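Breakdown of the fold
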Amino acid sequence: MMPTHVTFQATVLVFVISLLSAPQSATAAFQAVTAREADELVRYHNKARDEVGVGPVEWSPALARFAQEWADEVARTGRIGHRPGEGQFAQKYGENIAWGSGGGFDVLTGARSWYEEKESYTPGTPIPEDFRDFKAGHYTQMVWKDSTEIGAGRAVIQTGDRKGSLFVVCNYNPRGNMVGEKPFLATGDTRGGDARGGGETASAKLGSTSLRVLEPIDVEGPFPDLVREVEVGDVVQLQVAYPARPPYPLEASVRSSNRALAALFVTSNGGRVAEPGTVTKRGVVGDDCNFSAFVRASNPGEAKAVVTAIYPDGTKKEVPFVFKVNDRGGVKNRR
């Protein structure tokens with residue numbers, strides 16, 4: 001993706017790209033991202049994410065170390081760009097980068113330049129196949145619905161044409177900007193009155209994403225001793241059936257054991273969507289004796305998705321689904 005050029009008044013020239021982030025080298029003049037800066041960056045991201053109704057991100061020290069490693073390498077070589085797809089510095093996460101000179105440029109300035117791309121994004125637009133011509137990739141990564149953690153770094157470039165400029169990187173896990181998918185549900189995609197997601201339809205929320213639909217499992221069991229294999233990027237519909245006799249489940253939830261799977265949302269059989277990834281609202285589990293939960297395969301590894309049916313007396317019944325998430329061949333559809 002080619003850099004976007006953004007000018008801040010007459011004093012700061014900022015260049016931004018979308019993919020990864022890293023803290024600055026510790027020199028006499030600069031240090032790595034401070035705790036205060038990390039907090040500001042997280043809060044700034046979460047404000048942008050809250051505007052479009054997606055969940056918050058948290059700071060990841062591991063991502064920050066990963067980001068700093070690349071910032072240090074860029075500072076050493078003077079070659080500005082994203083991590084490569086392979087080799088010693090192979091990319092693993094989503095990434096936004098920015099660089100600039102002048103006393104007014106810092107980590108938060110870089111994040112503001114990414115956010116300003118919001119003006120170039122039409123809500124409800126899927127990520128295009130030709131990502132190079134997409135003008136809002138930094139913004140869509142900031143607000144990507146599945147990203148749950150960030151880490152950032154910075155470094156002063158030591159050589160080349162950009163010597164003395166500050167290089168900023170921010171990493172995102174799980175990564176976003178998947179081709180054909182929407183970063184978040186647009187208001188025009190039949191969002192209902194509940195700002196957190198109630199009243200949407202599953203098809204609208206998933207956009208053009210293709211599903212892997214599993215056969216229904218009865219909430220009473222037995223539960224198959226089966227490890228289902230999926231690929232990174234797959235969305236899986238977990239169907240749960242319950243007996244056609246009272247008491248019926250009143251609510252439901254879905255959770256994942258680790259970051260190999262991202263819990264998305266629960267729907268009734270009629271497709272009404274509840275609060276994403278958490279306990280649903282009353283009435284979402286209908287009297288049709290069937291409901292569904294949706295998860296996305298986000299990172300390679302093994303994970304368990306647990307769908308919980310909650311009854312009027314507070315009783316909970318859990319239905320486990322075990323997955324092995326395989327890395328998709330190449331990263332053509334991931335940014």
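Since we're looking at a predicted model, the values are computed, not measured. (Residues numbered from 1 in each chain as written. Predicted model: local features only at pLDDT ≥ 70, side-chain atom pairs only at ≥ 80, totals over all residues. Heavy atoms only, no water.)

Some words on the pattern of salt bridges
Heads up, the rule is: Criterion for a salt bridge: a side-chain nitrogen of Lys or Arg within 4 Å of a carboxyl oxygen of Asp or Glu. Strands here mean DSSP runs of E at least two residues long; helices mean DSSP runs of H or I at least four residues long; both are numbered from the N terminus. Only protein chains enter the accessibility calculation, which uses a 1.4 Å probe; a residue whose area is less than 20% of its type maximum is buried, one above 50% is exposed, and one in between is partly exposed.
All told, the structure shown has 13 salt bridges when counted by the stated rule. Across the salt bridge formed by Arg 76 and Glu 73, the nearest N and O atoms sit 2.9 Å from each other. Within this pair, Arg 76 and its partner Glu 73 are both found in helix H2 (residues 61-77), separated by three residues, close to a single helical turn. With its nearest N and O atoms 2.2 Å apart, the salt bridge here joins Asp 146 to Arg 296. Separated by 150 residues along the polypeptide, Asp 146 in the loop between helix H4 (137-142) and strand E5 (149-156) and Arg 296 in strand E13 (residues 290-297) bring together distant segments of the chain. Among the residues examined, Asp 146 registers a relative accessible area of 6% and is labelled buried. The exposure class assigned to Arg 296 is buried, which follows from its relative accessible area of 2%.

Considerations on the packing of aromatic side chains
Test applied: Pairing of aromatic side chains requires ring centres within 6.5 Å, counting the rings of Phe and Tyr and the six-membered ring of Trp. Pairs whose planes differ by under 30 degrees are stacked, by over 60 edge-to-face, and all others tilted. Placement of a positive charge over a ring is assigned whenever Lys NZ or Arg CZ falls within 6 Å of the ring centre and within 35 degrees of the normal to the ring plane.
One pass over the full model with this rule turns up eight aromatic pairs. On the basis of an interplanar angle of 70° and a centroid distance of 6.0 Å, the ring pair of Tyr 115 and Tyr 139 is categorised as edge-to-face. Of this pair, Tyr 115 sits in helix H3 (residues 107-115) while Tyr 139 sits in helix H4; the two residues are 24 residues apart in sequence, bridging distant segments of the chain. By relative accessible area, which is 1% here, Tyr 139 ends up buried. Seen from the ring of Phe 66, Arg 83 lies directly overhead, with NZ or CZ sitting 3.7 Å from the centre.

Quick notes on the sheet that holds strand E14 (residues 301-310)
Strand pairing in a sheet relies on backbone hydrogen bonds, with the paired strands running either antiparallel or parallel. Counted only if it meets this: In this scheme, strands are said to pair when DSSP sees at least two bridges between them. Angles shown run from 0 to 180 degrees and are taken between the N-to-C directions of axes, each axis being a line fitted to C-alpha atoms and, for helices, limited to the stretch in contact.
Across the sheet, which stays open at both edges, the four strands sit in the order E9-E15-E14-E11 with mixed pairing between neighbours. Single-partner strands in this sheet number two, and they are strand E9 (227-231) and strand E11 (251-256). Neighbour-to-neighbour, the strand axes of this sheet turn through a mean angle of 30°, independent of strand direction.

A word on unusual backbone geometry
In this model, Asn 173 is joined to Pro 174 through a cis peptide bond whose omega is -10°. The linkage connecting Gly 221 with the following residue, Pro 222, adopts the cis geometry, with an omega of 0°. Here Pro 222 lies in the loop between strand E8 (217-218) and E9. A positive phi angle, close to 55°, is found at Asn 177, a residue other than glycine. The exposure class of Asn 177 is buried, given its relative accessible area of 0%.

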